Amino acid sequence: MTVGRFDGQVAIVTGGSNGIGRAITQAFTEAGGSVVVCDLVDSGYFAGQPAVVTLTGDVAAPGLAQAAVNAAIDRFGRVDVLVNDAASYPDGLLLEMTPQDWDKVFAVNVTGSFMMMQAFARHCVTAGTPGAIVSISTGSVRSPRPGGAPTRPRRRRWRP
């Protein structure tokens, strides 16, 4: 039997139902690990795979972070890795975006990641076990898409 890189290890992957999070979940399980996926929806992609359990909810919601840690321990007996991949992207332009829409972006991308890291770190300290945290950012930092961030419209001129 081949030993995988992550044999016996357990990860929590936020945003793990689709995109990069799904690829991370799949790679982790293929390398012998188990995963608790936290996402707004269960895509069904990992249905029937005993090494993956999906917890549906919003990472910005109080209590979800601790529920994810509890789910990992209840199902797999431990948690070793946290991957923050869940994200909310603003679709409005600077002149049109509402403060509520911007608050949602911040709640998921910043506060949600903070709450996940806090719950995970508290568990590691209490259990006396090491852990690893990986936080994924967006490529929009280096190459923003027009209209994909609260930026000044490119084709319109405005002056204060």
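The coordinates are above.
In what follows, the accompanying structure is described.

Conventions used here
- Residues numbered from 1 in each chain as written.
- Predicted model: local features only at pLDDT ≥ 70, side-chain atom pairs only at ≥ 80, totals over all residues.
- Heavy atoms only, no water.
- Salt bridge = Lys/Arg side-chain N within 4 Å of Asp/Glu carboxyl O.
- Buried < 20%, exposed > 50% of the residue type's maximum accessible area, 1.4 Å probe, protein only.
- Patch = residues over 30% accessible without salt bridge, like charges linked within 9 Å, V, L, I, M, F, W, Y side chains within 5 Å.
- Areas by Shrake-Rupley, 256 points an atom, 1.4 Å probe, with all protein chains shown as cover.
- Helix = DSSP H or I, 4+ residues; strand = E, 2+ residues; numbered from the N terminus.
- Contact = heavy atoms within 4.5 Å.
- Expected span 1.5 Å × (residues − 1).
- Arc of directions from axis to C-beta.

A closer look at the pattern of salt bridges
Inference 1: Using the criterion set out here, one finds two salt bridges in the structure.
Inference 2: Linking Arg78 and Asp80 is a salt bridge whose minimum nitrogen-to-oxygen distance equals 2.6 Å.
Inference 3: Residue classification places Arg78 among the partly exposed positions, given a relative accessible area of 39%.

Overview of a nonpolar patch on the surface
Inference 1: On the surface, a cluster of nonpolar side chains totalling about 240 Å² of accessible area is made up of Ile20, Val134 and Ile136.
Inference 2: Looking at the element boundaries, Val134 is found in strand E5 (residues 132-135).

Looking at the side chain of Asn84
Inference 1: One can find Asn84 in strand E4 (residues 81-84).
Inference 2: Residues contacting Asn84, with those up to four places away along its chain left out, are Thr14, Ser113, Met116, Met117, Ile133, Val134, Ser135 and Ile136.

Observations regarding helix H1 (residues 19-30)
Inference 1: Over its 12 residues, H1 extends 17 Å from the first C-alpha to the last, a length consistent with the 16 Å expected when each residue adds 1.5 Å.
Inference 2: Taken residue by residue, H1 has Gly21, Thr25, Phe28 and Thr29 as its buried positions. Buried residues in H1, looked at end-on, bunch into an arc of 95°, giving them a common side. Exposed and oriented more than 90 degrees from the buried face of H1 are Gly19, Ile20 and Glu30.
Inference 3: The inward-facing, buried residues of H1 contact strand E1 (10-14), strand E2 (34-39), strand E3 (52-56) and E4.
Inference 4: Gly32 occupies a position one or two residues after H1 and carries a positive phi of about 100°.

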